[in-house]
Each structure stands twice: as C-alpha cells, then as structure tokens.
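# Close look at the chain arrangement
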Amino acid sequence: MAVVFRSAPLRAVPQRPPAMVRAGAALGQVLLDRNLITGEQLDFAVAHQRTTNRRLGQVLLDLGFTTPDAVLGALAIQLGVPATRLNGFTVSPAAVQSLPEKVARTHLAVPLKKIGQMLQVAIACPNDLLALDDLRFASGCQIQTFVALEDEIVEALERFYAPDTLEAAPEESTEAVLFEPIEFDRRDPDRPDRRQSARGRRKTDQSQAEEEFDEATELTAVRTVDRILSRAAGAGASDIHLERTPENLRVRFRVDGTFQDIGYISTAVAPAICARLKVLAGMDIAERRLPQDGRLTVSIGDRRLDFRASTYPTIHGEKLVMRVLDQGALKLELGALGMRGPLIDDFREVIRRPEGLVLITGPTGSGKTSTLYAALSELVETGKNITTIENPVEYELPGTNQGQINEKAGFTFAKGLRAVLRQDPDVIMVGEIRDSETLTTSIEASLTGHLVFSTLHTNGAIATITRLLDMGIEPYFLASGVQAIVAQRLVRRICTHCQTELPVPAGVRHLFGDDVPAALRRGAGCTECRGTGFSGRVGIYEMVRMTADLRELILARASETRLLAAARQDRMSPLRDQCLDRVREGLTTLEEVVRVTQ
Ligand SMILES: [Zn+2]
C-alpha cells in the first residue's frame, strides 16, 4: 500500500461539529485547518463543484489547489476511516476474484486484499451504507473500507479488471516494432552459441526444448512482447520485470527508480512469452533451471533500444528482467545530469588534469555510471587514449576502448587494470573499486601519469576518505593519488505539468535555516506523469578536492569533523545543503530528499 493515513497520528487536528460547517464543506474545513488550501480556493472549488458532479476533493485536485495525499489525509479525518493511494498499488488476484466487476464499478470500489473472510476495499464513499451492503452480499465477506480518490479508483478498476489488456489478440495488427536479435558472438566472443549446446542435453531437457506452442499462442506471445517493449519505451522505463506467480505472469516497469504495475498475463501464454524473449536475447530456451543473460536490440520508430536481459529461476518459474540501455536517452552532459555552479567548473578542471584518481561515490542507483560516462565523453574530444574496464559495458561510448570483466574466467577489475596499463592509456575508467588490490593498483596508476576514474559504494565524500583508510591504504598514498571525490544522489523531479504550491509546514521550517522558502512545490499527479507527480530525475552532487590543507589532515589521520571543516573552507557544499537548495527552487520535494539522504 503506497500511503496509508490512519486517524491516530492526525488526532491533533481540531475536529469541528458537522452542524457548524457548510454542507459538503467538511472536507474543505479539514484542509483549511491544516493550511493545505486557502479560503478563496475553497470558495472557488465549491462554486465550481456545482457545475460538475465530482466530489469536492476531486474538484480541488482538478483545479490543482492541493495534492492527492492532502485530500486523502483530510478525508481520513473527516470520515474516520484509513485512506490509501491506489497508483502503483498491487492487488491480490484473490481479492479481485471475490468481487464481481459490475458491483465494483457500480459503487466505485476496488477490492484490495482478502484476509480470510474479510475483504479490504478502497471506495470513494465509505459512508454509503447501501453500497457496503451490496459489497458484503456480492463478496460474501466482511468489508473493511479504505477511502481512496475517485480518479484513482476508476484507473485501478481498469487495471485490475482487465488483466488481459497486455495480451494482444492474434489477429490484431502489431505495433511498429522491429526486432534485430544481436548475434552473441559480437558481444561475447568466448561464449559458445547456446542454442547449439542445447543439442547435447539430457533427454528430459530435450523434450522441453521442443515444447511447442500452438500457432495462436505463439502469435499472441510475439505481439504481447512487442507491446510490452514499446510500452516500456513510451513510459521511459529503466527496467522491465516479468515475474511468475502461482496465478499469472506479472509485468512491472521501473520508472524513475520506482515500480509501476503494468498488468498480468495468463499462465497459458506466459511460457511462450518467456521463450520469445529468451530467443530474442540469444538465450537457450531449453535451459530453465540456471540463470542466463543476454542482449537484444529493438527499433521503435527512430529510436534504437538495447536491452540487457537476464533470467532467474524462481519457485514459480523463470523471472525475466530486462534493463533498458537506451542509447538515445542517455544524457552525456554533466550539466544535463544536474551538475552546476562552481562544482561543475571545479570538476571539469580536475578531469582535465593529466593524472590523479577521481572517485564518484553513492549508493546503488545514484547515477554514478552516468557521471562517469559524461566525464569520459567530455574527454573524448581531447584525443586521449581512453580505456575502460566495466562490469558490464552499459553504454557504448564512441572514441573509447571499452572492456568488461569476466569473473568466471578470472578476469577481475585488478587484472583488467594491470592489462590496461600495458596499453599505453591516458585515461582509465575502472567500473568499481571493491577490494584493496584494485584500489592500490588504481592509485599507483594515478601516480604514474594516468587519470583514473572509478566508483565506490559510500555515502559521502568525506566518509569515503575514512573508508579508503579502513581498506588499509597508507595515508600519504591516498593523499597524493586522489584528486577529487564526488558524492551524488538522484532525486525525482517534480512533474512540470501538474506542479502545485503548498505552504511550508511549520514542522519542517527549521530545516531551511535562515532561508525558508515562501512555498514548497509538489506534483498533484496527471496523465503526463502517470499520477506519480514526478517526471525524470536530477543528480545532486558534493565534491571534495584534495587541497594542501586536506592532505595534511589526512596524513595526520584527523577526524571526519576536521576533514569536513577543511573541505568546507575550499567551498565544498554538502549534499544535504545542495538537496535543500533544489527543494527551495521547487525542483523536487522534501520527502524525496529525505528518501535519498537517509
Ligand atoms: Zn504530472
């Protein structure tokens, strides 16, 4: 459940007796009391509501006066029932099956979860007793209600009661998607063609390999796969997940770092869909018990999309994940990624030095790889010899020599780095530093006339220094090799189509210090952002340069506090301050900043 408001934490809000407030304005009063709308906005919305037959909360949202979460929070107080958002909510098939579609649509009720003989239902009007009677009768269950937004209910009903929409009928014309399966040999020369190796398998496997789908199933699978891929491209998904459950095949996209439910595919077609994708990705379709990986390329209109596909055998069948490696969508410009101000100039100065180690740090999914590629692509024009060791190569960067490690064959980052050093490099990119051997070799390389880039899984720039020392590196070695450490995060950007302004809640004003903004911004949710209120992401960075002061402190093994003070002297602005700046500017929300900086 995305967001659940319970009345308990909100009890401080003064409740007025219903008789004192205008009819239909109880919700408006709650929002007014909480400073979530203004009196003028409420009057305007009430007047506007008379011309529509929509509920007041929905009208306030339509007008962009407030946010879905604010309306739901107020509804929870007004009605005394918990509230829930429905976008991104995953419903259990058992719940959907226990409530007939017609009843659900008549009462705008979405079954959420069935627990024994109790059915949890999200409904726009939880105080409609006749509706609750109908739901009880139709499901044969006790009903526990949650209040939800009308539009989200309508949208959820579409999703949950039309599970087959992803499956294309065989006679339907296919969308303009052309496939061009990539030959294995181009990417991975030492891997034998897996389809050939399937011939030598045991009998049982062979019969599975020859499992045939009837023509209609196969055609449905081909078109469903086309549809999933083109929808993923349209939604700007970074990953496609196909997950087997006992009942069906669940399709989810990861968009801007969070999951969106796309639909369910019946078990009748699921094996054919997995087989189709495995063939396209050059995998062995007979092998279902071992994880596999492969690649495929798709052209959609004038876009070319590369996918890295992998399978994982789960207890209910194979799970397939496809990571979208959209060459066209990759922003290879430091400014476009979100770097700015004095930091971008300092960073550009550092990466143009002839030698030194430059570290990009942050948790998984913080955009470190994009920053590395952007830095390298700025150096391509210098004509330097740029060589990479990656795990694996995610984007092809023209003008560089990209290689990837192969742990199974013993080709590790440390080994790769030593091999690259024999290749007369100027600039080296080592995908990740995970062990002290790679770290030592990287620093040695940086001290012998090479510019070395790498990433580390640490939380902050100063914390990285401590971490490197913990890895057993001598302070003088670190202080002379490392030139700069960048720490970064990715935050979701507020959708510009539905952004609204809110007063700054009293409880968070202190976070902004002396510079409290007049208002905060957030996305109300619209079709452009698929109801999430966010569209795209932006990088936020802090950078520590190795100054003479910092070097001395490292040699003296000074505390993090003293290191931080020295970095601040050198105009280092901590991530947290940078994040708050983006909130002040209305680029992202406070919640989003808290999510990535915790
Ligand atoms: Zn929007």
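For every chain, the first residue of the written sequence is number 1, and numbering continues from 1 along that sequence. Since the coordinates come from a predicted model, pLDDT governs what is reported: local features require at least 70, and pairs of side-chain atoms require 80 or more to be given and counted, while whole-chain, interface and lining totals use all residues. Think of the side-chain values as coming from all heavy atoms in the structure, minus any hydrogens and water.

Let's shift gears to the overall build of the protein chain. In this description a helix means any DSSP run of H or I spanning at least four residues, a strand means any run of E spanning at least two, and both kinds are numbered starting from the N terminus. Secondary structure summary: the protein chain contains 24 helices and 21 strands in total. Summary of the burial criterion: residues with accessible area below 20% of their type's maximum are buried, those above 50% are exposed, and those between are partly exposed, where the area comes from a 1.4 Å probe applied to protein chains only. Residues classed as buried in the protein chain amount to 51% of the 598 residues present. The long-range share in the protein chain, meaning contacts at least 24 apart out of those at least 6 apart in sequence, stands at 66%. Note on areas: Shrake-Rupley, 1.4 Å probe, and residue coverage restricted to the protein chains presented here. Accessible surface, the protein chain: about 27800 Å² in total, of which carbon and sulfur atoms supply 51%. Contacts are residue-level and defined by heavy atoms, with any inter-residue pair within 4.5 Å sufficient.

The next subject is the sheet that holds strand S18 (residues 482-494). Two strands are said to pair when DSSP picks up at least two bridges between them. One open sheet accounts for 7 strands, arranged S15-S14-S16-S17-S13-S18-S21; its pairing is mixed. Each edge of the open sheet is held by one strand with a lone partner, namely strand S15 (401-404) and strand S21 (534-545). Strand-to-strand twist in this sheet, taken as the mean axis angle between neighbours without regard to direction, amounts to 20°. Alignment of S18 against S21, held across 10 bridges, turns out to be antiparallel. Among the inter-strand pairings, Leu490 is bridged to a residue of S21, identified as Gly539. Each axis is a line fitted through C-alpha atoms, and for a helix only the stretch in contact is used; angles between axes span 0 to 180 degrees, taken between their N-to-C directions. With respect to the sheet, helix H17 (residues 413-421) is in contact with strand S14 (386-390) and strand S16 (427-430), its orientation differing from that of S14 by roughly 165°. Sheet strands touched by helix H18 (residues 436-447): strand S13 (356-361), S16 and strand S17 (451-456). Its angle to S13, the strand with the most contacts, is close to 135°.

For Phe, Tyr and Trp, where Trp contributes only its six-membered ring, two rings pair if their centres lie within 6.5 Å, and the inter-plane angle classes them as stacked under 30 degrees, edge-to-face over 60, or tilted in between. According to the stated counting rule, one finds 3 aromatic pairs in the structure shown. When the ring of Phe44 is compared with that of Phe65, the centres are 6.1 Å apart and the planes differ by 65°; the resulting orientation is edge-to-face. Taken together, the residues Phe44 in helix H2 (residues 39-49) and Phe65 in the loop between helix H3 (56-62) and helix H4 (68-79) connect sequence positions 21 residues apart. When the ring centre of Phe259 is taken as origin, the NZ or CZ atom of Arg252, which lies over that ring, is 3.8 Å away. Consider the ring centre and the ring normal. A charge sits over the ring if Lys NZ or Arg CZ is within 6 Å of that centre and within 35 degrees of that normal. Positioned over the ring face of Phe259 is Arg254, at 4.4 Å from the centre of the ring.

What follows is about unusual backbone geometry. The amide bond that connects Asn391 to the next residue, Pro392, takes the cis arrangement and shows omega of -10°. Looking at where Pro392 falls in the secondary structure, it is placed in the loop between S14 and S15. With a phi angle near 60°, Asn35 is a residue other than glycine that sits in the positive phi range. Since its relative accessible area comes to 52%, Asn35 is described here as exposed. Notably, Leu108 is not glycine yet its phi reads approximately 50°, a positive angle. For Leu108, the position within the fold is in the loop between helix H6 (101-106) and strand S3 (109-115).

This part takes up the side chain of Thr297. Among the secondary structure elements, Thr297 is positioned in strand S10 (residues 293-300). Within polar-contact distance, the side chain of Thr297 engages the side chain of Asp306 at 2.7 Å. Two N or O atoms count as a polar contact when they lie within 3.5 Å, although within protein this holds only if one can serve as hydrogen donor and the other as acceptor, and sequence-adjacent residues are included solely when both atoms are side-chain atoms.

Look at H18: 16 Å from first C-alpha to last across 12 residues, which is about the 16 Å you get at 1.5 Å a residue. Elements in contact with the buried residues of H18: S13, H17, S16, S17, helix H19 (461-470) and helix H20 (475-481). Put simply, Asp435 is the residue that caps the front of H18, since its side-chain oxygen is 3.2 Å from the backbone nitrogen of Glu437. In the segment just after H18, Gly449 is the residue with positive phi, at about 85°. An expected span of 1.5 Å times one less than the residue number is assigned to each helix.

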